[in-house]
Amino acid sequence: QRGYQVQTIQLAIDAFPWEAAMLDGLDVIVLNDAPSDALTDEQVGHIRSWVETGGRLVLAGGASYAKTASVFADLSPVTVSGTTTVSDLAEFVRIAGKPLTWSEPFTVSNATATDGKTMFAENGVPLVVHRSAGQGSVTYVAYDLAMEPLASWSGNAAVWERILAEGGTLLPPKSANVVGPDNNMWELNYLLDIFPELTPPAYGLLTLLFLLYAIVVAPVLYVVLKKMDR
């Protein structure tokens, strides 16, 4: 509804695309209330390499965060000790511009930010923390993403728009009515992200080809076309 081209796929661990070429096709991997300790060392290594080369890993789970992040603790931008509760989510409401009410305290993991940028917090409790890791990044989210009232809240998309925009993960909206150099550059960058083996030509080579065209090809074409009375 906001113009972004976003496709989400829910996968069980045994259905996950562990091959490197398939992981390269993913922009974001979200682990939420997931038993990451069930991953093999090889699988963990694949995700780490994917992050280092530009992927974005989101670690969430609320009360189950320790289970989710156990094998990625050194990548996480926070240290977590148990859980706590918050009675308000004013920052989320401000960003989304949508009312949010609930009757019981909201359980979140109790974290201390150790690296990166705290994007959202409530009464000193970090809710979303983002850090760079190699060419990629890791984002901590303090709550279980499937937990109400946020899971079905009408402002949830706006909050995640802001979260994914951090670090350039969220691709800009694509409009069929807008075509311009910025869109063309976005398309090129998008293709290079999908196919990292494609490398743009060096500027020196492009300059040489342009000079060759200007000095040799253009005059020859002029002479040929003049003789053809074109």
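Conventions used here
- Residue numbers run consecutively from 1 along every chain, following the written order of its sequence.
- Selection of residues for local features in this predicted model requires a pLDDT of at least 70, selection of side-chain atom pairs for listing and counting requires 80 or more, and totals for whole chains, interfaces and linings are taken over all residues.
- Note that water and hydrogens are dropped before the side-chain values are worked out from all heavy atoms of the structure.
- Residue burial is assigned from relative accessible area. The probe radius is 1.4 Å, only protein chains are included, and a residue is buried under 20% of its type maximum, exposed over 50%, and partly exposed in between.
- Strands here are runs of E lasting at least two residues and helices are runs of H or I lasting at least four, both read from the DSSP assignment and numbered beginning at the N terminus.
- The pairing criterion is simple: DSSP has to find at least two bridges between the two strands.
- Handedness is read with the strands pointing away from the viewer; a crossover is right-handed when the path from the first strand over the helix to the second is clockwise.
- The axes used here are C-alpha line fits, helices contributing only the stretch in contact, and every angle between their N-to-C directions lies in the interval 0 to 180 degrees.
- Should any heavy atoms of two residues lie within 4.5 Å, those residues are counted as being in contact.
- For this analysis, a salt bridge means a side-chain nitrogen from Lys or Arg found within 4 Å of a carboxyl oxygen belonging to Asp or Glu.
- Think of it this way: a Phe, Tyr or Trp ring, Trp meaning its six-membered ring, pairs with another when their centres are within 6.5 Å, and the plane angle makes it stacked under 30 degrees, edge-to-face over 60, tilted otherwise.
- We define a polar contact as two N or O atoms separated by no more than 3.5 Å, with the added condition that, inside protein, one atom must be a possible hydrogen donor and the other a possible acceptor, whereas residues neighbouring each other in sequence contribute only through side-chain atom pairs.

Draft legend 1. Geometry of the pairing of strand 2 (residues 56–60). Along strand 2, five of the five residues are buried, which leaves the element largely enclosed by surrounding structure. Alternating residues of strand 2 divide into R56, V58 and A60 and L57 and L59, and every residue in both groups is buried. Two elements, strand 1 (residues 28–32) and strand 2, share five bridges in a ladder whose sense is parallel. Bridge pairing in strand 2 places N32 opposite A60. One crossover worth recording links strand 1 to the parallel strand 2 by way of helix 2 (residues 41–52), and it is right-handed. Relative to strand 7 (residues 136–141), strand 2 runs parallel, the two being bridged by four bridges. The residue of strand 7 that forms the bridge with R56 is S137.

Draft legend 2. Expanded view of the sheet that holds strand 6 (residues 125–133). The five strands are arranged 1-2-7-6-5 in an open sheet whose pairing can be described as mixed. The sheet is open, and its two edges are formed by strand 1 and strand 5 (117–122), each paired on a single side. For this sheet, the mean inter-axis angle between neighbouring strands, taken without regard to orientation, is 10 degrees. Sitting on the sheet, helix 5 (residues 156–165) touches strand 1, strand 2, strand 5, strand 6 and strand 7, and the angle it makes with strand 5 is about 155 degrees.

Draft legend 3. Layout of the pattern of salt bridges. Counting across every chain of the model gives five salt bridges. Of the charged contacts, one joins R131 and D115 as a salt bridge, the two residues approaching to 3.4 Å between their closest N and O atoms. Taken together, the residues R131 in strand 6 and D115 in the loop between strand 4 (106–113) and strand 5 connect sequence positions 16 residues apart. Accessibility expressed as a relative area gives 15% for R131, which makes it buried. Overall, the relative accessible area of 37% leaves D115 in the partly exposed class. Between K117 and E166 there is a salt bridge; the shortest N-O distance is 3.4 Å. Of this pair, K117 sits in strand 5 while E166 sits in the loop between helix 5 and helix 6 (181–194), and the two are 49 residues apart along the sequence.

Draft legend 4. Representation of the packing of aromatic side chains within the structure. Here the structure, examined in full by the defined rule, presents five aromatic pairs. Here the aromatic rings of F92 and F120 are separated by 5.1 Å at their centres, their planes lie at 80 degrees, and the arrangement is edge-to-face. Here F92, found in helix 4 (residues 90–96), pairs with F120, found in strand 5; they are 28 residues apart in sequence, far enough to count as distant. Here F92 matches F120 in class, with each residue buried. Taken together through their ring pairs, the aromatic side chains of F92, W102, F106, F120 and Y143 make up a single cluster.

Draft legend 5. Molecular detail of the side chain of S109. Here S109 is to be found in strand 4. Of note is the side chain of S109, whose polar atom sits 2.6 Å from the side chain of Y140. In contact with S109, not counting residues within four places along its chain, are G62, Y65, V80, G82, T83, V125, Y140 and A142.

Draft legend 6. Examining the pairing of strand 6 more closely. Burial analysis of strand 6 places eight of its nine residues in the buried class, the great majority of the element. Taking the residues that link successive antiparallel strands as the turn, the strand 5-strand 6 hairpin has two residues, and the phi of N123 there is positive, at about 55 degrees. The pairing of strand 6 with strand 7 spans six bridges and is antiparallel. Residue pairing in the sheet places S132 in a bridge with S137 of strand 7. Remark: two residues form the turn of the hairpin made by strand 6 and strand 7, two consecutive strands paired antiparallel; G134 in that turn has positive phi of roughly 65 degrees.

Draft legend 7. Examining unusual backbone geometry more closely. Cis geometry is adopted by the peptide bond preceding P149, which originates at E148 and carries an omega value of 15 degrees. Tracing the backbone shows P149 in the loop between strand 7 and helix 5. Phi is positive for D33, close to 50 degrees, though the residue is something other than glycine. Tracing the sequence through the fold places D33 in the loop between strand 1 and helix 2. The class of D33 is partly exposed, set by a relative accessible area of 30%.

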